[in-house]
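Chains, contacts and geometry: an overview
Given next are the chains, with one letter for each unit.
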Amino acid sequence: MASLIRLHEGICRCTACPLACSRHHAVPGAGPVSARAMLVGEAPGREEDELGLPFVGRSGRFLEMVLAAIGRTRAEFFITSSVKCRPPRNRQPRPGELETCNSLWLSKQVALIRPKLIVCLGRVSAQTFLGTVDLRTQHGTVIIKDRQAYFITYHPAAGMRFPKIREAMIADFSALDRILQKKQS
Ligand code: SF4
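Residues numbered from 1 in each chain as written. Predicted model: local features only at pLDDT ≥ 70, side-chain atom pairs only at ≥ 80, totals over all residues. Heavy atoms only, no water.

**A word on the site of the ligand**
The full set of residues close to the ligand is C14, A16, C17, L19, A20, R23, V83, K84, C85, T100, C101 and W105. Residues belonging to the shell around the ligand are distributed by class as follows: 9 nonpolar, 1 polar and 2 charged. (Near = heavy atom within 4 Å. Nonpolar A, V, L, I, M, F, W, Y, C, P; charged D, E, K, R; others polar.)

**Some words on the state of the cysteines**
Applying the stated rule across the entire model yields 0 disulfides. In this model C21 remains outside any disulfide bridge; the closest cysteine sulfur is found in C17, 8.4 Å from its own. (Disulfide = S-S within 2.5 Å.)

**Observations regarding the nonpolar core**
With 54 residues, the main nonpolar core has L39, L117, F129 and F173 as its most contacted residues. Sort the elements by how many residues they give to this core and helix α8 (residues 163–184) lands first, with 8 residues. (Core = buried A, V, L, I, M, F, W, Y, C linked by side-chain atoms within 4.5 Å. Buried < 20%, exposed > 50% of the residue type's maximum accessible area, 1.4 Å probe, protein only. Helix = DSSP H or I, 4+ residues; strand = E, 2+ residues; numbered from the N terminus.)

**Side note on the pairing of strand β3 (residues 117–121)**
Across the 5 residues of β3, 5 count as buried, placing the element largely inside the fold. Burial of the side chains of β3 extends over both faces: L117, V119 and L121 are buried on one face and I118 and C120 on the other. With 4 bridges connecting them, strand β1 (residues 37–41) and β3 associate as parallel partners. Note on β3: the bridge partner recorded for M38 is I118. In the sheet, β3 pairs with strand β5 (residues 148–153) via 5 bridges, with the strands oriented parallel. What sits directly across from L117, in β5, is A149. (Pairing = 2+ DSSP bridges.)

**Things to note about the environment of N102**
Residue position: N102 is located in helix α4 (residues 95–113). Expressed as a C-alpha distance, the spacing of N102 and C14, which sit 88 residues apart in the sequence, is 13 Å.

Here it is, written out as structure tokens:
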């Protein structure tokens with residue numbers, strides 16, 4: 001736990017990429033260090049940037065709703081994002097920003113938490129870990145890379161906006177629940 005706290009203090013002071021200039025607060029992530037699964041999104045939004053906490057805005061409420069549908073809560077996951085600082089005007093993080101933040105911070109969070117499963121919320125997260133991913137055909141599936149298991153699904157912001165993606169996410173999370181049950185047994 002102490003190592004994770006030190007890591008998060010480092011994230012809050014980090015100025016290694018241009019996103020440091022546009023943030024109010026870095027958003028390291030939250031959840032138990034003993035979490036068996038990590039949920040990894042794209043980047044903090046406005047509310048996350050204001051509070052320094054992950055998934056606390058509308059996307060976060062949608063995520064909580066999808067988790068509740070499978071009888072789970074966010075408290076059992078470690079939740080973070082691919083970059084820890086909000087991009088200006090919510091633009092997508094750039095490849096260099098993703099690379100820097102992953103090598104400095106995200107990969108170290110994964111090494112400390114050692115999750116049985118990393119849930120990639122959306123294309124940017126999936127590409128950060130896995131390179132090229134086709135969400136349309138690969139959502140709801142597990143991919144193993146370097147002995148780490150990744151579960152692919154959509155970003156809650158997309159689920160909120162598009163009814164078909166919302167349906168797909170609900171089905172994905174049912175599959176996720178079954179996978180987590182197997183990993184717990
Ligand atoms: S996004 Fe990541 S690498 Fe860039 S300044 Fe924030 S913490 Fe540092």
